[in-house]
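# Tertiary structure, described
The lines below spell out each chain.
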Amino acid sequence: MPFCVLFLSLILSLASAASGGQLKAQGTQNQIEIIGQTVVSPSTTLPTLSEAAQPSRSALLSPGGLSSALFGLVGSDGPPPVRSLTKADTAHVPLDLRIARMARSDEFRESLPLRATAAFTGLAAFPGTLLLAGILYGTGEARADADLRDLGVQLGSAVGSSIGASIGVKLVIGRARPDVSPEAPHDVAFGRGFRGDDYRSFPSAHTAAAFAAATILFAELPEDGASRYLLGPAAYGIAGLAGLSRIYHDEHWFTDIVAGAVVGVASGVVTTQLVDD
C-alpha cells in the first residue's frame, strides 16, 4: 500500500536526517571553542570533516544511537559543553523539541481560545469518532436506512483498526511521552511500551482515529457535489487540529502526529476498498 510505504519512508527519512549527529569533543586539558573564537591548542588533534560526520557503526547499533537516529538530531549525552547558543546551534535542535517548546510557552498555555480548541478537538478525535459511528449506525437502524447504517459500520471499523494498529506500534517502539522526557524526543527503548502508557507516545492514536474518520467521511461525499470541497477539507482540518491538541497537552511529539495521520488515512483507505470490493 502507498500509505505503508509513506509510513516506512517517514521512519527512514528521520534516520537519514539524524545520522550526521553532533560530535561531542572531550579532553582533559585541551578545550575547544566551537563558535567564533580561537580554534584549538597546538597539541590537539581534530578529526577530519568526514570522520566527524560519520558516527561509528557500533554507536549507531547501540540502543541510544538507534533511538537518536530515529527521533532526534542530538544524542542522549546532550549538546557539546561550554558554548553560547547561536542560530547555528538551533539548527541542531530536533524539530520535535522546537515545536514542543513553542507549545509549552506561556503565550500558548495562557490562550483561552487555544485551550478551548485543544479540548474540543481532542475529545472529537476520541471518543467522539466512535460515538459518531454509533450514532450513525443507530439512526440507520431506526430509520431503516441501509446507507447510513453501513456508514456507521465503516466509520467504526476504520477508527477501531487505526487505534489497534497504533497501539501495536506503541508497544513495540516504546517512545517516552513529552511530559515524561520533556527534552528528549529520541528517548526510545524497543518493547518498553509494555511497561505503561508513559512510553506509548509513537504514534498518536487520537490522531489516527481522527484521520481515519475524516477519510471515511470524505470517501462518502458525492464526487460531483460542492459539499466534497467544503466538508472534506473541514473534516481533515478538524483531524489536524486534533493532532495538534495532543502536542498542546504535551502528550505527543510532532512526529507522533505525522505517523498517526498516516496510520489513520491508511486505515480509512483500506476500509473503503474492502467495502467496495
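Residues numbered from 1 in each chain as written. Predicted model: local features only at pLDDT ≥ 70, side-chain atom pairs only at ≥ 80, totals over all residues. Heavy atoms only, no water.

## Looking at the overall build of the chain
Short version of the rule: The numbering of helices and of strands both runs from the N terminus, where a helix is a DSSP run of H or I of at least 4 residues and a strand a run of E of at least 2. Between two residues, a contact is recorded if the distance between any of their heavy atoms is within 4.5 Å. Throughout, the Shrake-Rupley method with a 1.4 Å probe supplies accessible areas, and for residues the shown protein chains are the sole cover considered.
Along its length, the chain carries 13 helices and zero strands. Counted from the first residue to the last, the chain has its helices and strands arranged as α-α-α-α-α-α-α-α-α-α-α-α-α. Nonlocal contacts in the chain, meaning residues at least 24 apart in sequence, comprise 69% of its contacts between residues at least 6 apart. Carbon and sulfur atoms provide 63% of the accessible area of the chain, an area that totals close to 15400 Å².

## Some remarks on the packing of aromatic side chains
Selection rule: Stacked, edge-to-face and tilted labels apply to pairs of Phe, Tyr and Trp rings (six-membered ring for Trp) whose centres lie within 6.5 Å, assigned for plane angles under 30 degrees, over 60, and everything in between, in that order. Relative accessibility thresholds used throughout: buried, under 20% of the residue-type maximum; exposed, over 50%; partly exposed, between the two (1.4 Å probe, protein chains only). For a Lys NZ or an Arg CZ to count as sitting over a ring, it must be within 6 Å of the ring centre and within 35 degrees of the ring normal.
Overall, the coordinates contain two aromatic pairs when judged by the stated rule. Measuring from centroid to centroid gives 6.1 Å for Phe211 and Tyr236, while their planes differ by 45°, and the two rings are tilted. Of this pair, Phe211 sits in helix H11 (residues 205-220) while Tyr236 sits in helix H12 (residues 227-248), and the two are 25 residues apart along the sequence. For Tyr236, a relative accessible area of 25% gives the class partly exposed. Three or more aromatic residues link up through ring pairs in this structure, and these residues are Phe211, Phe218 and Tyr236. Over the ring of Tyr199 we find Arg195; its NZ or CZ atom is 5.1 Å from the centre of that ring. Above the plane of the ring of Phe218 lies Arg228, whose end atom (NZ or CZ) is 4.1 Å from the centre.

## Observations concerning the nonpolar core
Within soluble globular proteins, side chains that are nonpolar generally end up buried alongside one another. Basically, it comes down to this: Each nonpolar core is a collection of buried residues, namely Ala, Val, Leu, Ile, Met, Phe, Trp, Tyr and Cys, held together in the definition by side-chain atoms within 4.5 Å.
By size, the foremost hydrophobic cluster in this structure holds eleven residues: Ala133, Leu136, Leu151, Leu155, Ala158, Val159, Ile163, Ala209, Ala212, Ala213 and Ile216. Secondary-structure elements contributing two or more residues to this core are helix H9 (128-142), helix H10 (146-173) and H11. Among the elements that make up this core, the one with the highest residue count is H10 (five residues). Ignoring sequence-local partners within four residues, the contact set of Ile216 consists of Leu151, Gln154, Leu155, Ala158, Gly268, Thr271 and Thr272. Of all hydrophobic cores here, the second largest spans ten residues; its members include Ala125, Ala210, Ala239 and Val269.

## Some remarks on the packing of H10 against helix H13 (residues 254-276)
Just so we agree on the cut-off: Where helices are involved, their axes are fitted lines through C-alpha atoms of the stretch in contact, as for all axes, and angles between N-to-C directions lie from 0 to 180°. Angular relationships are summarised with four words: roughly parallel below 35 degrees, roughly antiparallel beyond 145, roughly perpendicular across 65 to 115, and oblique for the angles in between. The handedness criterion is simple: a crossing whose near helix is rotated anticlockwise from the far helix by less than a right angle is left-handed, and one whose near helix is rotated clockwise is right-handed. Amino acids outside the nonpolar list (Ala, Val, Leu, Ile, Met, Phe, Trp, Tyr, Cys, Pro) and the charged list (Asp, Glu, Lys, Arg) are all regarded as polar, and Gly is one of them.
One can describe the packing of H10 onto H13 by two numbers: an axis separation of 9 Å at closest approach and a directional angle of 135°. In terms of axis orientation, H10 runs oblique to H13. Two packed elements cross with a definite hand, and for H10 against H13 that hand is right-handed. Packed against H10, whose contacting residues are Gln154, Ser157, Ala158, Ser161, Ser162, Ala165 and Ser166, the element H13 presents Val263, Gly264, Ser267, Gly268, Thr271 and Val275 at the interface. Of the residues in the contact of H10 with H13, the class split is four nonpolar, nine polar and no charged.

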